[in-house]
Amino acid sequence: MSRRQNAAVVAAFVGLVALYVATNAPSLYADYLWFVSVGYEAVFLKVFAYQAVVFVVFGLVSFVALYASLRVAVRNVRKHTPSYSASAWYTVGVVVTSVALGAAYSDVWETFLLYVNAEPFGTADPYFGRPIAFYVFSLPAYEAIVSFLLLLVTVSLLIAVAVYAYEFGLEEYEDAIGIDELDASRIEFDPEAFARRVSAYAYGHLTVGAGALLIVLSLNFYLSRLRLVYSESGAVFGVGATEASVTSPVLLVLAVVAFLGGVAVIANAHVRLRDSRIVYAAVGGIVLVGILGTAGGFLHQSYVVEPDEFNQEEPYLDNEIEFTRSGFALNRINERSFNVSENLTREQIENNPGTIDNLRLWDKRPLMQTYNEQNNLRTYYHFNDIKTDRYTFDGDLRQVYISTREIEFDALPEGSQSWVNQHLVYTHGMGFVMSPVSEVGDEGFPEYYVDQIPPRAEVDLEIDQPRIYYGETTDSYNIVGSGTRELDYPRRGENAYYDYTGDGGIPLSSTFRKIAYSLRFGEFQIYFSNSVTDDSKIQMNRDLDTRVNEVAPFLEYDEDPYPVVVNGRVKWIYDAYTTTDRYPYSARYPFNGEQINYLRNSVKVVVDAYSGETTFYVTEDDDPIINAYRKVFPSMFEDFDEISPELRDHVRYPQDVFETQARVNLVYHMQNEQAFYNREDEWRIPNEEVSGETVPVEPYYIVMKLPNEEEPEFMQILPFIPEARQNLIGWMAARSDRPNYGEIESFLLSQQDLVFGPQQVESRIDQNTEISQSITLWSQAGSSVDRGNLLAVPLDDTILYVEPLFLEAQNEGALPQLQRVIVAHNDRVTMQRTLDASLSALFGEAVAPPAVPGVTQPSTERIQRLRELYDGADSALRDGNFTEYAENIEEIGTVLDDLNTTGTNGTVAVPDAPSAPSAPIDTPDADELE
């Protein structure tokens, strides 16, 4: 190419870079303003600076190395063709490759920051003797550097070979086909000429590159030796018998051979001998050691380890057990014996009112359907998910379900889905609903503590600001303070409207800001709309997942943020985790789509649903990973002591962590090497029947009193069964209330005690002919029968099972109704209309007859009045006072007439409760089958 053509290529490349910067700068500025609005601009600037530094360093090193290699190649070509002028495309290719390498490795800024700010774990690995922090913080940084060098040297060699192949191997291109002749089939590559010219002009260049590649490979072999602490071969995770005896020494030999071979190859390039056999010998030595090492490892594993595997692996099994338990914090579990009694007494029920009054009868699936049908007046409102929490009302701890009412813009008619409606009018959800988990109202529907729009509380709960601007599904931006009124909530007549008064949002106070956000979202209505003024504010990143990940993308987040109502406002609590897959000797388990071997719930994020204020509280101040991040971002995190007491009362142990710990503990509760190796006492999570499907039992939150404790607590529990059997073997509980937050208790049943597990209880329910016949009758009558979650509830020294049963008519608009509660203990199973009735039937006690639909029970006052009138009439008759007798009889008639005309407000005489025990199964009556 001519000099003018080369200049044109360079100019075009520079223009493309400038265009890229110009188109991305507004979005970058818009993101910076958002970080300013939430008070984390220091985080934005620091992350941007670190990414830029890593990009520049890796990109610059790449450019220097690649350009130097290119210049050497051009110089060598000129030795053959003195008039040779290199194409500018070569330089462009080097620049593009350097930018790509810099961009690819700019994402590892976090790795290098953790390396610089590493915090100690306080222990060392038992084989290499290196501190745990080396593997978690340092080794990833070394691996990133070595992988970069390996890639860089490889790319440099490929570029050099490509230049030489083109310039040397296709030297006869024009002579072969002629200037005016374009017969491509005559293009030839002459390997002999290529080899001869490379040997004459480029031998040193390529040999040095090959030697550098071998030296980098030696570093990789050495790091591979250290990575044996993550080995998954054999019976042990980490260094095992074969790794210690064969693999580790072989990798060390490979590192030495590769390094010496690389030095020899480089030295060979600078002597007159230029013996290619040195290169072949270096490569051959590496291959030979690799083959021998692989064969040796296989033979050692097959003929030394496996015939005596336990004795060979015993010293290493202890490492896996210890470090896995440490990585998943299983060493914090307090194991206790749970001596089960076969008896359940009425006294135990009465001594545990906190547990019985909070037994969860409602399941989320039917309850969600009921919430959306009963509490949303418009199609654009929806409840996304139901959460569980606890509140104290009238001095009693109550477990509740709570769900926020958010906007579902896509549910609007298509003609109403305008830009103005989406971003200026339908800006926020309204309030929430709350219902106790254990109470059932009329006709089998839930009782509500909070319902209606705007929300109205039936309990002592302050609600000052119920609007939901920031939630789980608020995934579009808002513009508040505009010239268009925001819909607040619907009502008869004219809807209620609202003007936002909070601090959330970025002021659109200048033309440049409006242009920046127009480009950021690709919607120029932001700039052109007359409703958007200098007093308007734009709210972005409003959904919780995006919001917290923008601020702290280095944390893992829970799948279930939950709302709490404190001091009259709705706030979200979002659990965040520090994880790694680099904890040595710790087995890896799945978590949020990744394989990890270290897990801590180190952060609680609190987001205000109205203002969007986002605060990160550190809950595990002894976690080295979060402490390293605190050194990097000191202004981001607050101490957990700074959280308000009202919020602290609603912090709960997260289900994601508890479930993962429980799954790891199925195996790693065995701390004896022999038992662990033989899997003598391996557990598993039982199954249950839910909505006609067999599914694993999930951890569930419950209010209960632990054995030997005085007060009920909010916690989550999970039962276990042996691997090959169905009977209950134990259960775990994670406590959430202070001062015991985070404590995990594991209650182990005696191996000799036979306690039915959940699947066995489900089978007993299925085998009960009266329950099966009842379900068949309901189904034949046109109702869908849905069995809810089976709860295993520890009560003092025994286990009670409770399962709700829901009915849903098949006609359109029908809602699930909680019609029966099944209770099981040992070999007894009862099914009644209420929990109290099922418990009474369980004890063989009398059960009051069910209320007649549409008729209330008589009031005590009216019964007493009728008895007084009757006694007065009887006395008057005996005394011969017929006038008084007539007056009493007339008044009795008046009361009875009133009963006939008032319907549900009247009273009827009800016979005393039967003295004989009722049937354990309350089968459907005629009214239920109509």
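The rules behind the values
- Residues numbered from 1 in each chain as written.
- Predicted model: local features only at pLDDT ≥ 70, side-chain atom pairs only at ≥ 80, totals over all residues.
- Heavy atoms only, no water.
- Helix = DSSP H or I, 4+ residues; strand = E, 2+ residues; numbered from the N terminus.
- Rg over C-alpha atoms; globule rule 2.2 N^0.38 Å.
- Buried < 20%, exposed > 50% of the residue type's maximum accessible area, 1.4 Å probe, protein only.
- Contact = heavy atoms within 4.5 Å.
- Phe/Tyr/Trp six-rings, centres within 6.5 Å; stacked < 30°, edge-to-face > 60°.
- Salt bridge = Lys/Arg side-chain N within 4 Å of Asp/Glu carboxyl O.
- Axes fitted to C-alpha atoms, helices over the stretch in contact; angles between N-to-C directions.
- Parallel < 35°, antiparallel > 145°, perpendicular 65-115°, else oblique.
- Left-handed = near helix turned anticlockwise from the far one by under 90°.
- Pairing = 2+ DSSP bridges.
- Patch = residues over 30% accessible without salt bridge, like charges linked within 9 Å, V, L, I, M, F, W, Y side chains within 5 Å.
- Areas by Shrake-Rupley, 256 points an atom, 1.4 Å probe, with all protein chains shown as cover.

(A) Examining the overall build of the protein more closely. Helix and strand counts for the protein come out as 27 helices and 35 strands. Relative to the globule expectation of 30 Å for 930 residues, the C-alpha radius of gyration of the protein, 38 Å, shows a markedly less compact shape. Its C-alpha atoms give the protein principal-axis dimensions of about 145 × 80 × 55 Å. Counting the 930 residues in the protein, one finds 51% classified as buried. Sequence separation of at least 24 residues holds for 68% of the intrachain contacts in the protein that already meet a minimum separation of 6.

(B) Focus on the packing of aromatic side chains. The tally for this structure, following the rule as stated, stands at 50 aromatic pairs. An angle of 35 degrees between the planes, with centres 5.9 Å apart, marks the rings of Tyr371 and Tyr448 as tilted. With Tyr371 in helix α13 (residues 364-375) and Tyr448 in the loop between β6 (432-436) and β7 (450-451), this residue pair connects regions lying 77 residues apart in the sequence. One exposure class covers both Tyr371 and Tyr448, and it is buried. Ring plane angle 40 degrees and centroid distance 4.8 Å describe the contact between Tyr500 and Tyr610, whose orientation is recorded as tilted. Of this pair, Tyr500 sits in the loop between β13 (496-498) and β14 (506-507) while Tyr610 sits in the loop between β21 (598-608) and β22 (614-618), and the two are 110 residues apart along the sequence. An aromatic cluster is built from Phe121, Phe137, Phe323, Tyr583, Tyr585 and Tyr598, whose rings are joined through pairwise contacts.

(C) Summary view of unusual backbone geometry. That bond from Ile453 to Pro454 is cis: its omega, -10 degrees, falls within 30 degrees of zero. Within the secondary structure, Pro454 sits in the loop between β7 and β8 (456-457). For the bond from Arg738 to Pro739, the omega torsion is 5 degrees, close enough to zero to count as cis. For Pro739, the position within the fold is in the loop between β29 (730-735) and β30 (744-748). Within the chain, Gln452 stands out as a residue other than glycine whose phi angle is a positive 70 degrees. By relative accessible area, Gln452 is classed as partly exposed at 36%. One non-glycine residue, Asn708, lies in the positive phi region at around 70 degrees. You can see Asn708 is positioned in the loop between β27 (700-704) and β28 (713-722). Of the residues examined, Asn708 reaches a relative accessible area of 73% and is grouped as exposed.

(D) Representation of the pattern of salt bridges. Summed over all chains, the structure comprises 37 salt bridges. With a closest N to O distance of 3.9 Å, Asp363 and Arg360 form a salt bridge. There is no split in this pair, since Asp363 and Arg360 are both buried. Arg787 is paired through a salt bridge with Glu803; the nearest N and O atoms lie 3.1 Å apart. With Arg787 in strand β31 (residues 783-787) and Glu803 in strand β33 (residues 798-809), this pair connects stretches of sequence that are 16 residues apart. It is possible to trace a salt-bridge network through shared partners that takes in Arg336, Glu709, Glu713, Arg735, Glu743 and Glu745.

(E) Summary view of the packing of helix α10 (residues 309-327) against helix α20 (residues 655-668). Two elements in contact, α10 and α20, have axes separated by 11 Å at closest approach and are oriented at 160 degrees. The pairing of α10 with α20 is recorded here as roughly antiparallel in orientation. When the axes of α10 and α20 are compared, the crossing they make is left-handed. For the pair α10 and α20, the contacting residues are Glu320, Ile321, Thr324 and Arg325 in the first and Val664, Asn665 and Tyr668 in the second.

(F) Broad picture of the pairing of β28. The buried fraction of β28 amounts to 10 of the 10 residues, a majority that puts the element mostly inside the structure. Of the two faces of β28, the one holding Glu713, Met715, Ile717, Pro719 and Ile721 and the one holding Phe714, Gln716, Leu718, Phe720 and Pro722 are both buried throughout. Relative to β28, strand β24 (residues 683-684) runs antiparallel, the two sharing two bridges. Following the sheet pairing, Trp683 is matched in β28 by Pro722. Strand direction decides the pairing type here: β27 and β28, joined by five bridges, are antiparallel. Bridging from a neighbouring strand, Tyr700 pairs with Ile717 of β28. One ladder, built from six bridges, connects β28 with β29; its direction is antiparallel. Directly across from Met715, in β29, lies its bridge partner Arg735.

(G) Summary view of a nonpolar patch on the surface. On the surface, Tyr222, Leu252, Val256, Phe259, Leu260 and Val263 cluster together to form a nonpolar patch covering roughly 500 Å² of accessible area. Take the nonpolar patch: its biggest share by element is five residues, from helix α8 (residues 241-268). Position of Leu260 relative to the elements: it lies in helix α8.

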